[in-house]
Amino acid sequence: MAVRPIRFAPDPVLRQKAKRVTRIDGAIQRLVDDMIETMRAVSGVGLAAPQVGVPLRVAVIEIPGGEVIVLINPEVIKKEGERVVEEACLSVPGYKGDIKRSVWVKVKARDKRGKNIRLKGEELLAQALEHEIDHLDGTLYIDRVESPDKLQKLLPESNQEGL
Ligand SMILES: [Zn+2]
(Lines give C-alpha, C1' and ligand atoms only; values in the text may rest on other atoms or scores of the structure.)
Protein backbone atom coordinates (compact mmCIF):
# COMPACT_ATOMS: atom_id res chain seq x y z
CA MET A 1 0.00 0.00 0.00
CA ALA A 2 1.13 3.54 -0.60
CA VAL A 3 -0.07 7.04 0.07
CA ARG A 4 -0.73 8.78 -3.24
CA PRO A 5 -0.51 12.57 -3.67
CA ILE A 6 -3.84 14.40 -3.56
CA ARG A 7 -4.78 16.49 -6.60
CA PHE A 8 -6.02 20.00 -5.93
CA ALA A 9 -8.40 22.22 -7.88
CA PRO A 10 -8.02 23.41 -10.63
CA ASP A 11 -6.32 20.12 -11.70
CA PRO A 12 -8.25 19.04 -14.84
CA VAL A 13 -8.50 15.41 -13.63
CA LEU A 14 -10.98 16.68 -11.01
CA ARG A 15 -13.22 18.00 -13.80
CA GLN A 16 -13.28 14.87 -15.97
CA LYS A 17 -16.18 12.44 -15.97
CA ALA A 18 -14.51 9.32 -14.58
CA LYS A 19 -14.79 6.06 -16.56
CA ARG A 20 -16.60 2.98 -15.34
CA VAL A 21 -14.42 0.12 -14.10
CA THR A 22 -14.92 -2.82 -16.44
CA ARG A 23 -12.71 -5.37 -14.65
CA ILE A 24 -11.99 -5.51 -10.94
CA ASP A 25 -8.44 -6.84 -11.11
CA GLY A 26 -5.25 -6.56 -9.06
CA ALA A 27 -4.58 -3.01 -10.28
CA ILE A 28 -8.01 -1.87 -9.05
CA GLN A 29 -7.50 -3.63 -5.73
CA ARG A 30 -4.13 -1.88 -5.33
CA LEU A 31 -5.78 1.44 -6.19
CA VAL A 32 -8.45 0.80 -3.53
CA ASP A 33 -5.82 -0.11 -0.90
CA ASP A 34 -3.78 3.00 -1.72
CA MET A 35 -6.90 5.18 -1.58
CA ILE A 36 -7.78 3.83 1.89
CA GLU A 37 -4.23 4.49 3.09
CA THR A 38 -4.24 7.98 1.54
CA MET A 39 -7.65 8.85 3.04
CA ARG A 40 -6.42 7.80 6.49
CA ALA A 41 -3.11 9.66 6.09
CA VAL A 42 -4.98 12.95 5.56
CA SER A 43 -7.73 12.09 8.12
CA GLY A 44 -10.35 12.20 5.40
CA VAL A 45 -13.86 10.81 5.60
CA GLY A 46 -13.97 9.91 1.91
CA LEU A 47 -11.84 9.90 -1.21
CA ALA A 48 -12.60 9.48 -4.91
CA ALA A 49 -10.09 8.10 -7.43
CA PRO A 50 -9.86 11.38 -9.43
CA GLN A 51 -8.52 12.99 -6.23
CA VAL A 52 -5.41 10.81 -6.60
CA GLY A 53 -5.28 11.46 -10.36
CA VAL A 54 -7.07 8.30 -11.54
CA PRO A 55 -10.15 9.01 -13.73
CA LEU A 56 -12.02 5.82 -12.74
CA ARG A 57 -15.33 5.40 -10.88
CA VAL A 58 -13.88 4.24 -7.56
CA ALA A 59 -14.44 5.81 -4.13
CA VAL A 60 -13.80 4.93 -0.49
CA ILE A 61 -15.58 6.26 2.59
CA GLU A 62 -14.79 5.83 6.28
CA ILE A 63 -17.13 7.62 8.68
CA PRO A 64 -15.55 7.99 12.14
CA GLY A 65 -16.54 4.89 14.12
CA GLY A 66 -17.71 3.07 10.99
CA GLU A 67 -16.25 0.49 8.64
CA VAL A 68 -14.48 1.38 5.44
CA ILE A 69 -16.81 1.30 2.43
CA VAL A 70 -15.41 0.57 -1.03
CA LEU A 71 -17.55 1.72 -3.96
CA ILE A 72 -16.83 0.71 -7.54
CA ASN A 73 -19.12 2.21 -10.21
CA PRO A 74 -21.46 3.68 -7.56
CA GLU A 75 -24.82 5.15 -8.56
CA VAL A 76 -27.43 6.94 -6.50
CA ILE A 77 -30.66 5.00 -7.11
CA LYS A 78 -32.88 6.88 -4.67
CA LYS A 79 -32.63 10.02 -2.57
CA GLU A 80 -34.98 11.91 -0.35
CA GLY A 81 -35.21 15.25 1.40
CA GLU A 82 -32.97 18.25 1.45
CA ARG A 83 -30.86 19.75 4.19
CA VAL A 84 -28.17 22.41 4.42
CA VAL A 85 -24.76 21.03 5.39
CA GLU A 86 -21.34 22.49 5.88
CA GLU A 87 -18.94 20.88 3.46
CA ALA A 88 -15.23 20.86 2.69
CA CYS A 89 -13.08 18.91 0.23
CA LEU A 90 -9.53 17.56 0.46
CA SER A 91 -8.99 18.84 -3.10
CA VAL A 92 -10.08 22.39 -2.20
CA PRO A 93 -7.99 22.95 0.94
CA GLY A 94 -8.59 25.88 3.23
CA TYR A 95 -12.27 26.42 2.47
CA LYS A 96 -15.72 25.29 3.52
CA GLY A 97 -19.21 26.22 2.44
CA ASP A 98 -22.88 25.58 3.09
CA ILE A 99 -24.65 23.56 0.41
CA LYS A 100 -27.79 21.45 0.06
CA ARG A 101 -27.55 17.68 0.28
CA SER A 102 -30.15 14.91 0.51
CA VAL A 103 -31.40 13.69 3.89
CA TRP A 104 -30.82 10.11 2.82
CA VAL A 105 -29.63 8.29 -0.28
CA LYS A 106 -29.63 4.74 -1.54
CA VAL A 107 -26.62 3.71 -3.61
CA LYS A 108 -25.77 0.64 -5.63
CA ALA A 109 -22.18 -0.27 -6.44
CA ARG A 110 -19.73 -3.13 -6.56
CA ASP A 111 -17.38 -3.83 -3.70
CA LYS A 112 -13.66 -4.60 -3.90
CA ARG A 113 -14.38 -8.21 -4.85
CA GLY A 114 -16.90 -7.28 -7.53
CA LYS A 115 -19.96 -8.22 -5.49
CA ASN A 116 -23.09 -6.10 -6.04
CA ILE A 117 -23.88 -4.05 -2.96
CA ARG A 118 -26.66 -1.65 -2.02
CA LEU A 119 -26.45 0.70 0.88
CA LYS A 120 -28.56 3.38 2.45
CA GLY A 121 -26.94 6.37 4.09
CA GLU A 122 -28.18 9.18 6.28
CA GLU A 123 -26.53 12.31 7.62
CA LEU A 124 -22.72 12.33 7.15
CA LEU A 125 -22.77 9.06 5.20
CA ALA A 126 -25.41 10.40 2.77
CA GLN A 127 -23.37 13.57 2.39
CA ALA A 128 -20.15 11.60 1.78
CA LEU A 129 -21.87 9.33 -0.78
CA GLU A 130 -23.17 12.33 -2.72
CA HIS A 131 -19.85 14.17 -2.44
CA GLU A 132 -17.76 11.23 -3.72
CA ILE A 133 -20.17 10.36 -6.54
CA ASP A 134 -20.09 14.06 -7.53
CA HIS A 135 -16.29 13.74 -7.82
CA LEU A 136 -16.75 10.88 -10.30
CA ASP A 137 -18.84 13.21 -12.46
CA GLY A 138 -16.28 16.02 -12.28
CA THR A 139 -18.39 18.06 -9.86
CA LEU A 140 -16.94 19.78 -6.78
CA TYR A 141 -18.99 20.99 -3.81
CA ILE A 142 -17.93 24.57 -4.64
CA ASP A 143 -20.17 24.26 -7.74
CA ARG A 144 -23.12 23.73 -5.40
CA VAL A 145 -22.43 26.76 -3.18
CA GLU A 146 -25.04 29.45 -3.92
CA SER A 147 -22.45 32.13 -4.65
CA PRO A 148 -18.65 32.38 -4.37
CA ASP A 149 -18.95 34.75 -1.38
CA LYS A 150 -20.68 31.93 0.52
CA LEU A 151 -17.37 30.09 0.50
CA GLN A 152 -15.60 30.65 3.82
CA LYS A 153 -11.90 30.44 4.59
CA LEU A 154 -11.06 27.79 7.16
CA LEU A 155 -9.06 28.79 10.17
CA PRO A 156 -5.75 26.89 10.25
CA GLU A 157 -6.61 25.17 13.54
CA SER A 158 -10.06 23.98 12.47
CA ASN A 159 -10.44 20.32 11.70
CA GLN A 160 -13.23 20.27 9.17
CA GLU A 161 -14.04 16.79 7.88
CA GLY A 162 -12.51 16.41 4.42
CA LEU A 163 -14.20 14.46 1.65
ZN1 LIG B 1 -13.92 16.10 -2.24
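Structural data are supplied above this passage.
These lines cover the structure that appears in this document, whether it is placed above or below.

### Things to note about the overall build of the protein
Piece 1. Within the protein, the regular secondary structure consists of 2 helices and 8 strands.
Piece 2. Mapped from its N terminus to its C terminus, the protein presents α and β elements in the order α-β-β-β-β-β-β-β-α-β.
Piece 3. Against the globule reference of 15 Å for 163 residues, the protein gives a C-alpha radius of gyration of 15 Å, in line with a compact fold.
Piece 4. Taken over the C-alpha atoms alone, the protein extends approximately 45 × 35 × 30 Å along its principal axes.
Piece 5. For the protein, the proportion of its 163 residues judged to be buried stands at 46%.
Piece 6. Taking all contacts inside the protein whose residues are at least 6 apart in sequence as the whole, residues at least 24 apart take part in 67%.

### Some details on the nonpolar core
Where a protein is soluble and globular, its nonpolar side chains tend to be buried together.
Piece 1. Counting 17 residues, the largest nonpolar core has Leu 31, Val 32, Met 35, Leu 47, Val 58 and Val 60 as the members making the most contacts within it.
Piece 2. Those elements that place two or more of their residues in this core are helix 1 (26–41), strand 2 (58–61) and strand 3 (69–80).
Piece 3. At 6 residues, helix 1 tops the list of elements feeding residues into this core.
Piece 4. Apart from residues no more than four positions distant in its own chain, Leu 47 is found in contact with Ile 6, Met 35, Thr 38, Met 39, Val 52, Val 58, Ala 59, Val 60, Leu 90 and Glu 132.
Piece 5. Val 45, Ile 69, Ala 128 and Ile 133 belong to the second largest nonpolar core, which has 15 residues in total.

### Here's the deal with the packing of aromatic side chains
Piece 1. Per the stated rule, a full pass over the model turns up 0 aromatic pairs.
Piece 2. The ring centre of Trp 104 lies 4.6 Å from the NZ or CZ of Lys 120, which sits over that ring.

### Structural notes on the coordination of the zinc ion
Piece 1. Protein coordination of the zinc ion is provided by Cys 89 (SG), His 131 (NE2), His 135 (NE2) and Leu 163 (O), with donor distances spanning 2.0 to 2.4 Å.
Piece 2. Here the zinc ion binds 4 donor atoms, and the angle range of 98 to 136° at the metal identifies the geometry as irregular.
Piece 3. We note that the donor set of the zinc ion lies within a single chain, spaced as C-x41-H-x3-H-x27-L. In this pair, Cys 89 sits in strand 4 (residues 83–89) while His 131 sits in helix 2 (residues 123–136), placing the two residues 42 residues apart along the sequence.

### Details of the sheet that holds strand 5 (residues 92–101)
Piece 1. With antiparallel pairing, 3 strands are arranged side by side in an open sheet as 4-5-8. Taken across any chain shown, the strands that pair with only one partner, and hence form the sheet edges, are strand 4 and strand 8 (151–153). In this sheet, neighbouring strand axes are inclined to one another by 25° on average, regardless of whether the strands run parallel or antiparallel.
Piece 2. With 3 bridges joining them, strand 5 and strand 8 adopt antiparallel strand pairing. Bridge pairing in strand 8 places Tyr 95 opposite Lys 153.

### So, the environment of Asp 98
Piece 1. On the secondary structure map, Asp 98 appears in strand 5.
Piece 2. According to the relative accessible area criterion, Asp 98 is partly exposed, its value standing at 39%.
Piece 3. Residues Asp 98 and Asn 73 lie 25 residues apart in sequence; the distance between their C-alpha atoms is 27 Å.
Piece 4. Leave out the neighbours within four places in its chain, and Asp 98 touches Val 84, Val 85, Glu 86, Val 145 and Lys 150.

### Remarks on the sheet that holds strand 3
Piece 1. Spatial ordering of the open sheet is given by 1-2-3-6-7, a layout of 5 strands whose pairing is antiparallel. Here the strands that pair on one side only, and so sit at the sheet edges, are strand 1 (46–48) and strand 7 (116–122). Across this sheet, the average inter-strand angle for adjacent strands is 35°, counted without regard to direction.
Piece 2. Taken strand by strand, helix 1 contacts strand 1, strand 2 and strand 3, and its axis lies near 40° from that of strand 2.
Piece 3. Taken strand by strand, helix 2 contacts strand 1, strand 2, strand 3, strand 6 (104–110) and strand 7, and its axis lies near 125° from that of strand 7.

The rules behind these values
Residues numbered from 1 in each chain as written. Predicted model: local features only at pLDDT ≥ 70, side-chain atom pairs only at ≥ 80, totals over all residues. Heavy atoms only, no water. Helix = DSSP H or I, 4+ residues; strand = E, 2+ residues; numbered from the N terminus. Rg over C-alpha atoms; globule rule 2.2 N^0.38 Å. Buried < 20%, exposed > 50% of the residue type's maximum accessible area, 1.4 Å probe, protein only. Contact = heavy atoms within 4.5 Å. Core = buried A, V, L, I, M, F, W, Y, C linked by side-chain atoms within 4.5 Å. Phe/Tyr/Trp six-rings, centres within 6.5 Å; stacked < 30°, edge-to-face > 60°. Lys NZ or Arg CZ within 6 Å of the ring centre and 35° of its normal. Donors = N, O, S within 2.8 Å, 3.2 Å for Na, K, Ca; no water. Tetrahedral: all angles 85-135°; square planar, octahedral: opposite > 155°, others 65-115°. Pairing = 2+ DSSP bridges. Axes fitted to C-alpha atoms, helices over the stretch in contact; angles between N-to-C directions.

Just distances and angles here, no functional claims.
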